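Inside the fold
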Amino acid sequence: MLKKNIALYVTGGIAAYKSVILLRELIKLNLEVQVVMTSNATKFVTPLTFSTLSKKQVLFDYNLNSAGVDHVELAQWTDLAIIAPATANFIGKMANGIADDFASTSLMAIKNEKKYVFPAMNDEMLNNPVTQRNIQRLKDDNMQIFNSEYGFLAEGYKANGRMMEPQKIINTLFYQNNELSGKKILITAGGTREKIDPVRFIGNNSSGKMGYALADYANEQGADVTLISANSKLEKINGVTTIDVETSDELYNEISNNFANCDVLIMSAAVSDFKPQKYTDQKIKKDKNINSINIELEKTNDILKYFGTHKNNNQIVVGFAAETNDILKNAEKKLKEKNVDMLVLNDVSKKNIGFNSDDNKVTILFKNQDYVETEVMKKTEIAKVILEQLKKIS
Ligand code: CTP
């Protein structure tokens, strides 16, 4: 661990309760933590909670009996200052040089490179140009400002503005060597639907569980995750940007919009291989004189193959394969033809695992003909195995 003395600044927002968990995680890493609170923060969480966990008195005001200059001493002691949660008001003070309490004064005496700011506030406050201007100013002044996350706000609706989760803060700050930290990972999940008429489609049974488990773990590991979700009913994941799509064409378009900017593409979505040649915009009726109808299908884009063969040398593309027979041989062929770096093979002939289930068993194939086989495991565990393997080839 490089940094030893951590000053944890807690300012007055509801997310202050998360900083208790953050403090506990910092202590687990054997770091010395001095908590500083603004007086508004003490209305959300009592200083006793923080002082008990840090085994140090919380600083929130000047000690009038002290012979030294407390705020400067703290600044000299600090290797790294974490401001979490950082409210709109506190960010405004930092951006404009206002030092009117112990927290803001001591921070002023700390070098900006040592400051890591984790905003948390209502989405309207966050989107306000004044806040955005202040955030930009902190960046211009060499402070590290991290995006707040999407999820449930105290106001009872979902929007941007939540403080980054404590475990992710820890990963971001202390595991920079973690190969996923800061990586931009694009993941597809679910199954596409190709529309026949306004009420019918060609679809598949994919629930999205595998892709969501991958997104969840990658996010926890500090990656910057965008999830393109095809018709999945699963809950959105805090901290993951989710784009909903329906058809394979929409999936292709959204990947196109995001691919140039990503380090890794993981194609876990089940993409339909065919779509109706034409969409009938009125419901197809059953005519009493006709016993059968034909729907002409045409091939969809092979999305994985397209991006596998158009990636640059620094990008990694991971594919999936669903096979029922000659599974290894077919998977090896797919790996080559689609030019992917890693291929996750599912044997879909097995009952109770794979599609729509919580469990799965996979074989992961690599370009150099190595492969790794898992037991039957929860998809959340399979996701970890896949991403740990990805780290090895990143
Ligand atoms: N895939 C894709 N575009 C398609 C079809 C599949 O990007 N039109 C991707 C899937 O997301 C998966 C991989 O290709 O990562 C393999 O999918 P799979 O269904 O196993 O194979 P197919 O390429 O469709 O070939 P086949 O159906 O003949 O096995």
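A short tour of the structure in this document, coming up. For clarity, every value in this text was computed on a predicted model and none was experimentally measured. (Residues numbered from 1 in each chain as written. Predicted model: local features only at pLDDT ≥ 70, side-chain atom pairs only at ≥ 80, totals over all residues. Heavy atoms only, no water.)

The next point concerns the environment of Met143. By secondary structure assignment, the location of Met143 is in the loop between α8 (129-140) and β5 (144-145). Contacts of Met143, omitting those with residues within four sequence positions, involve Met94, Asn112, Lys115 and Leu138. (Helix = DSSP H or I, 4+ residues; strand = E, 2+ residues; numbered from the N terminus. Contact = heavy atoms within 4.5 Å.)

Let us look at the site of the ligand. The environment of the ligand is made up of 16 residues, and the closest members are Ala269, Leu304, Phe320, Lys334 and Lys338. Between the ligand and Asp273 there is a distance of 2.8 Å, counted from an oxygen atom to a side-chain nitrogen or oxygen. Here Thr300 contributes a side-chain N or O atom positioned 3.3 Å from a nitrogen atom of the ligand. In isolation the ligand offers 570 Å² of accessible surface; the protein chains occlude 76% of this area. Put simply, the parts of the chain that give the shell around the ligand at least two residues each are α12 (303-310) and β16 (316-323). Here the element with the most residues in the shell around the ligand is β16; it accounts for four residues. Of the residues assigned to the shell around the ligand, the class counts are eight nonpolar, four polar and four charged. (Near = heavy atom within 4 Å. Polar contact = N/O pair within 3.5 Å; in protein donor to acceptor, adjacent residues only side chain to side chain. Areas by Shrake-Rupley, 256 points an atom, 1.4 Å probe, with all protein chains shown as cover. Nonpolar A, V, L, I, M, F, W, Y, C, P; charged D, E, K, R; others polar.)

An order of β12-β11-β8-β13-β16-β17-β19-β20 is seen for the eight strands of this open sheet, with the pairing classed as mixed. Of all strands in the sheet, those with a lone pairing partner are β12 (241-245) and β20 (371-373), marking the two edges. When the angles between neighbouring strand axes are averaged without regard to direction, this sheet yields 15 degrees. Against the sheet, helix α14 (residues 379-393) touches β13 (264-267), β16, β17 (342-347), β19 (362-366) and β20, its axis set at about 10 degrees to β19. (Pairing = 2+ DSSP bridges. Axes fitted to C-alpha atoms, helices over the stretch in contact; angles between N-to-C directions.)

So, on to the packing of helix α10 (residues 209-220) against α14. Interaxial distance between α10 and α14 falls to 8 Å at its minimum, and their mutual angle equals 60 degrees. Between α10 and α14, the interaxial angle falls into the category oblique. Between α10 and α14 lies a crossing of right-handed hand. Contact with α10, carried on its side by Lys209, Met210, Ala213, Leu214, Tyr217 and Ala218, involves Lys379, Thr380, Ile382, Ala383, Lys384, Ile386, Leu387 and Glu388 of α14 and no other residues of that element. By residue class, the composition of the contact of α10 with α14 is nine nonpolar, one polar and four charged. (Parallel < 35°, antiparallel > 145°, perpendicular 65-115°, else oblique. Left-handed = near helix turned anticlockwise from the far one by under 90°.)

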